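What the coordinates show
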Amino acid sequence: MAQTPMRVAGVDGCRGGWVAVIVAPDGAMSARRLTALTDLIDAPSPPDIIAIDMPIGLPERVEAKGRAPERLVRPLLGGRQSSVFSMPARAAVYASVDPAVAEEARYRHACDVARATSTPPKAVAKQAFHIFPKIIEIDTLLRARPALQTRLYECHPEVSFRMLNGAPLDVPKKVKNAPHAPGLALRRTLLEAAGFPPALLSAAHARALSVGADDLIDAAAAAWTAHRLARGEAVSFPAPPERDALGLPIAIWA
């Protein structure tokens with residue numbers, strides 16, 4: 001990738017935290033595991049731009065097929081459209097936060113609230129429910145520190161890979177929730193062609209960081225999007241971004 005005067009990072013969620021791929025202004029790249037996003041944002045040399053694979057901006061009500069960015073990017077992905085799952089309304093996300101309540105009961109409650117705040121009524125996908133704590137972490141951070149809205153941007157790795165490839169990818173990176181070697185290899189090839197070192201993307205490096213190989217690869221795809229943001233080359237879906245009731249942007253960047 002071409003150099004920029006900015007330090008950028010791509011971030012993906014992983015078990016127990018986050019994984020970040022960081023690109024320095026001179027093009028040097030590194031990866032690190034994070035317990036909290038503030039570990040990166042408030043680091044001694046923090047990134048100027050961060051692209052993160054996690055929803056930002058939560059509407060009060062949701063229409064059919066989710067938020068506007070989810071509806072807009074799915075047609076770009078061909079057979080991979082199911083990788084973009086719908087986020088429910090803000091109230092449904094926050095309905096799941098009581099740790100004293102059993103997970104299944106929290107899930108049922110979130111589904112009830114989601115049905116009441118969507119047209120037509122729609123429950124919450126389990127995959128979405130499991131990332132609610134990370135969504136709340138971002139949402140809380142951006143509400144407390146609004147200036148971060150100029151540094152933190154939502155992306156989606158499969159959209160980034162589609163842009164890197166010039167066409168939808170026809171091989172998934174996971175099959176039945178297990179890593180799928182051909183899909184991981186295809187995505188590594190695309191990232192290496194974009195300038196990411198093979199060693200940075202390797203399964204051995206992922207193990208050393210205690211993160212999933214797919215999480216590390218997705219963080220690198222997010223870093224590619226952050227680099228495009230820094231160079232003014234990224235596009236948003238929708239354009240311009242929408243805003244939720246609290247003023248947070250609602251858009252996927254690629």
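Notes on the structure follow. (Residues numbered from 1 in each chain as written. Predicted model: local features only at pLDDT ≥ 70, side-chain atom pairs only at ≥ 80, totals over all residues. Heavy atoms only, no water.)

1. Notes on the sheet that holds strand β1 (residues 8-14)
- Overall, mixed pairing links the 5 strands, which are arranged β3-β2-β1-β4-β7 in an open sheet. Each of the sheet's edge strands pairs with one partner strand only, and the pair in question is β3 (29-34) and β7 (152-154). For this sheet, the mean inter-axis angle between neighbouring strands, taken without regard to orientation, is 25 degrees.
- Examined bridge by bridge, strand β4 (residues 49-53) and β7 share 3 bridges and lie parallel to one another. When the bridges of β7 are listed, I50 appears paired with L152.
- Across the sheet, helix α6 (residues 132-144) is in contact with β1, β2 (17-23), β4 and β7; its angle to β2 comes to roughly 60 degrees. (Pairing = 2+ DSSP bridges. Helix = DSSP H or I, 4+ residues; strand = E, 2+ residues; numbered from the N terminus. Axes fitted to C-alpha atoms, helices over the stretch in contact; angles between N-to-C directions. Contact = heavy atoms within 4.5 Å.)

2. As for the pairing of β2
- Buried residues dominate β2, accounting for 7 of its 7 residues.
- Where β1 lies against β2, 7 bridges are found, and the strand directions are antiparallel. Within the sheet, the bridge partner assigned to V11 lies in β2 and is A20.
- The turn joining β1 and β2, which pair antiparallel and follow one another in sequence, is formed by 2 residues; a positive phi near 80 degrees is taken by G16.
- Relative to β3, β2 is paired through 6 bridges, and the arrangement is antiparallel. Paired with W18 across the two strands is L34, which belongs to β3. (Buried < 20%, exposed > 50% of the residue type's maximum accessible area, 1.4 Å probe, protein only.)

3. Comments concerning the nonpolar core
- Counting 38 residues, the largest nonpolar core has V21, L191, F196 and L216 as its most contacted members.
- Looking at this core, the element that brings in the most residues is helix α11 (residues 213-230), giving 12 residues.
- Excluding anything up to four places from it in sequence, L216 contacts V19, V21, A31, L200, L201, S202, H205, A206, L209 and V211.
- Grouped together as the second largest cluster of nonpolar side chains are 35 residues, W18, M54, A92 and L141 included. (Core = buried A, V, L, I, M, F, W, Y, C linked by side-chain atoms within 4.5 Å.)

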